[in-house]
2 protein chains.
Amino acid sequence: MATISFARGAPSLDIVDVEGLKKAANLAFEKDPAGATAYGTSVGYVPLRKWIAEKHGVEVEQVLVTNGSMQADAFLFELLVQAGDAVIVESPTYDRTLLNLRNRGADIHMVDLETDGISTDALETTLKTVSPKLAHIIPNFQNPAGYTLSAEKRKRLLELAVEHDFTIFEDDPYVDIRFEGDSIDSMFSQDTAGRVVYASSFSKTVCPGIRVGYLVGPQALIKQIQTIATNTYISPNMVSQAIVYQFASTGGMDGAIATVKTALKARRDAVVNALTRELPEAKFAAPSGGYFMWVELPEAVDVAELEKAAAERDVLFVKGTDFLLEGGSNTLRLAFSGVTPEQIDEGITKLAEAVRSLGVAA
Amino acid sequence: MATISFARGAPSLDIVDVEGLKKAANLAFEKDPAGATAYGTSVGYVPLRKWIAEKHGVEVEQVLVTNGSMQADAFLFELLVQAGDAVIVESPTYDRTLLNLRNRGADIHMVDLETDGISTDALETTLKTVSPKLAHIIPNFQNPAGYTLSAEKRKRLLELAVEHDFTIFEDDPYVDIRFEGDSIDSMFSQDTAGRVVYASSFSKTVCPGIRVGYLVGPQALIKQIQTIATNTYISPNMVSQAIVYQFASTGGMDGAIATVKTALKARRDAVVNALTRELPEAKFAAPSGGYFMWVELPEAVDVAELEKAAAERDVLFVKGTDFLLEGGSNTLRLAFSGVTPEQIDEGITKLAEAVRSLGVAA
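Just so it is clear, the structure is predicted and the values come from calculations on it, not from any experiment.

## Some remarks on the packing of aromatic side chains
All names here are of chain A.
(1) Moving on: Overall, the coordinates contain 22 aromatic pairs over all chains when judged by the stated rule.
(2) Moving on: With 6.1 Å between their ring centres and 45 degrees between their planes, F188 and Y198 make a pair best called tilted. Here F188, found in helix α8 (residues 187-190), pairs with Y198, found in strand β8 (residues 196-201); they are 10 residues apart in sequence, far enough to count as distant.
(3) Moving on: Classification of F188 as buried rests on a relative accessible area of 11%.
(4) Moving on: Each residue in the set W51, F202 and Y214 is aromatic and connected to the rest through ring pairs, giving one cluster.

Take a look at the structure:
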């Protein structure tokens, strides 16, 4: 029996444009062999850096391309977060961000995430006693919750950042995978005070194995991170950046994004339908894009027990507690990016069986 | 007038097998699309990891593939070197290693490098008063000096590491670029006490822009670095590792290495001939491989002045002082990897003119 994994936030191979990547690789070596094969510098492959700058309407000096956006996070944290520094994160938030901030000895303050994004009221309360250096925000289709930050709250966050002198780290890898509704302007694009550093990635639009991400931010800060990057690895991967550049500039990107959106919308629908049918007691907000959905089960359900019962049925997910410093013992994250609608239907049916097997009241 | 650069340790495009890389990229996407495009894990692309393990005759669990070997160095230093820890390096040594160790607050002890490698006598003297955590050694065609560590000294270093309880970091990116003479067994291959961590790279055999390097070492240590790597970037670049794997396993590597060796031997000869003819007062030891040659000029020559005089003649090199904590003001590093024999002849002629222009006695 094949395992059905709702655990890993990664696309299945059928929605990766392998043929397009092959063509892009050929073009990369044919059109710019010197640029693709040489060291280059830590700012990244020059044509891709320019492409990103144009996409975001900024100067090229504001862009730093990195080996995946996690590496961008690591550089930014290395520059801005020292042991004891207060940092705001969403509750729940991406487990690796939480881990890396803990490893740096940050003083982490988790602020409630609502279906329209971080609670700015709760944040204001926190700001009465805490002076954060940084607030880490995943604005679109948040990992792990799938929620999107509203336009109003984006504006409020920008005001608070100025008022309380902190940097907003807008971590936005899922922005292009919107199934429905209008996109909302990034905080970065509305920032007139140099308060926002923006990160994104090609992992969700091209493929994760290409490991290309980037930072966009105030020029002085990007320059400082550039020095850290040079000392760490001289330069990020030029071959893969040249491939991404060819993929993007010869029209592969739009088709790839369309494919991913169509497939993921169907997968999201499959999760919603199956949950509604099999686990009517589950609470969730259907996401308008991205990879993830946050599910709250009745309080009596212990998600650590459920994880075992599900694994016995070859179904995997990540416990909500992994994304929190405390609480959440009845919550879980479902990633629907790597499973087909058929697998989702079967997997959720088995997950419901696993919930029943715990013998707790609904 | 085109600049002639002896500054950067990088190959010129004419000795990179671009066609071979293009074929390897096609094969990577055709033969293993899932492996090349997915996240994978921090240990690296599984088939390449296995290929490296076989090359070195070790277990796969002893290998960690990274985004270039500088990144491997950074991980190793993060694990082993804390502020105040004593570290042995060669004098002169690679400037980026020196910088990164200084940035970590290491207590750096430079030990004289001789034409047959680090002075083990001088090291023994140092070890009377210093208890290092780590000794960083570039055994073959050292950067910046071009010297190679003798078999006898390799044995002695292994004994000293056991006796004085330190780790040898054997940093070996140039090993495959030997023009003449027999290769010498690595310290890693002779280590029975788990004292050596070995690093190498495909930058000099495939191309630098591919950014694939690796560590080989004791399994427990590799496991610890694996955790740091996961937290830093989830996984190294899978697309480029899959390309390297196809390049290596379908026979491209041997041809590429043969091309590089032939070209670089001719470039080395061109440097030796031109220096002998134009700058008979220069002292150097012709390297048997690699990219670099260390040149000592008469003491009256100030290399900072010479750098300016050479730049006025469109000739670049790196001052010896960049590779040292003190001294070396009459020394310089010539990289002959990126310049043709004709450029070398012209460049050394102009360098000699620049020396004469300083008006100091030979």
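More follows now that the structure is in view.
## Details of the environment of A:K261
All names here are of chain A.
(1) Moving on: With respect to the helices and strands, K261 occurs in helix α11 (residues 252-278).
(2) Moving on: Relative accessible area serves as the criterion here: at 31%, K261 is assigned to the partly exposed category.
(3) Moving on: Distance in space between the C-alpha atoms of K261 and D176 is 8.6 Å, their sequence separation being 85 residues.
(4) Moving on: Not counting residues within four places of it along the chain, the set of residues in contact with K261 comprises D176, I177, R178 and F179.

## Some points on the pattern of salt bridges
(1) Moving on: Inspection of the entire model under this criterion finds 44 salt bridges over all chains.
(2) Moving on: Among the salt bridges present, the one from B:D269 reaches B:K265, with a minimum N-O distance of 3.9 Å. You can see B:D269 and its partner B:K265 sitting in helix α11 (residues 252-278), four residues apart, about one turn around the helix.
(3) Moving on: Through salt bridges with shared partners, a single network forms among A:E180, A:K265, A:R268 and A:D269.

## Let's talk about the environment of B:A300
(1) Moving on: Relative to the assigned elements, B:A300 resides in the loop between β10 (292-296) and α12 (303-312).
(2) Moving on: B:A300 sits in the partly exposed class, given a relative accessible area of 47%.

## Side note on the domain arrangement of chain A
All names here are of chain A.
(1) Moving on: Per the domain assignment, the segments making up chain A are domain 1 (4-15 + 254-357) and domain 2 (18-252).
(2) Moving on: Look at where the C-alpha atoms of domain 1 and domain 2 centre, and you get two points 25 Å apart.
(3) Moving on: The interface is formed by 26 residues belonging to domain 1 together with 31 residues belonging to domain 2.
(4) Moving on: The contact between domain 1 and domain 2 buries some 2,500 Å² in all, and 66% of this surface belongs to carbon and sulfur atoms.
(5) Moving on: The interface formed by domain 1 and domain 2 holds one salt bridge in total.
(6) Moving on: In this structure, E180 and R268 form a salt bridge, with 2.7 Å as the shortest nitrogen-oxygen distance.
(7) Moving on: Seen at the junction of domain 1 and domain 2, the total is nine residue pairs in polar contact (both at pLDDT 80 or more).
(8) Moving on: At the level of secondary structure, the elements contributing two or more residues to the side of domain 1 that touches domain 2 comprise α11 and β10 (292-296).
(9) Moving on: The element contributing the most residues to the side of domain 1 that touches domain 2 is α11, with nine residues.
(10) Moving on: Class assignment of the residues belonging to the side of domain 1 that touches domain 2 gives a composition of 16 nonpolar, four polar and six charged.

Thresholds applied
- Residues numbered from 1 in each chain as written.
- Chains lettered and ligands numbered in written order.
- Predicted model: local features only at pLDDT ≥ 70, side-chain atom pairs only at ≥ 80, totals over all residues.
- Heavy atoms only, no water.
- Phe/Tyr/Trp six-rings, centres within 6.5 Å; stacked < 30°, edge-to-face > 60°.
- Helix = DSSP H or I, 4+ residues; strand = E, 2+ residues; numbered from the N terminus.
- Buried < 20%, exposed > 50% of the residue type's maximum accessible area, 1.4 Å probe, protein only.
- Contact = heavy atoms within 4.5 Å.
- Salt bridge = Lys/Arg side-chain N within 4 Å of Asp/Glu carboxyl O.
- Domains from an automatic or database assignment.
- Buried area = accessible area lost by both parts, 1.4 Å probe.
- Polar contact = N/O pair within 3.5 Å; in protein donor to acceptor, adjacent residues only side chain to side chain.
- Nonpolar A, V, L, I, M, F, W, Y, C, P; charged D, E, K, R; others polar.

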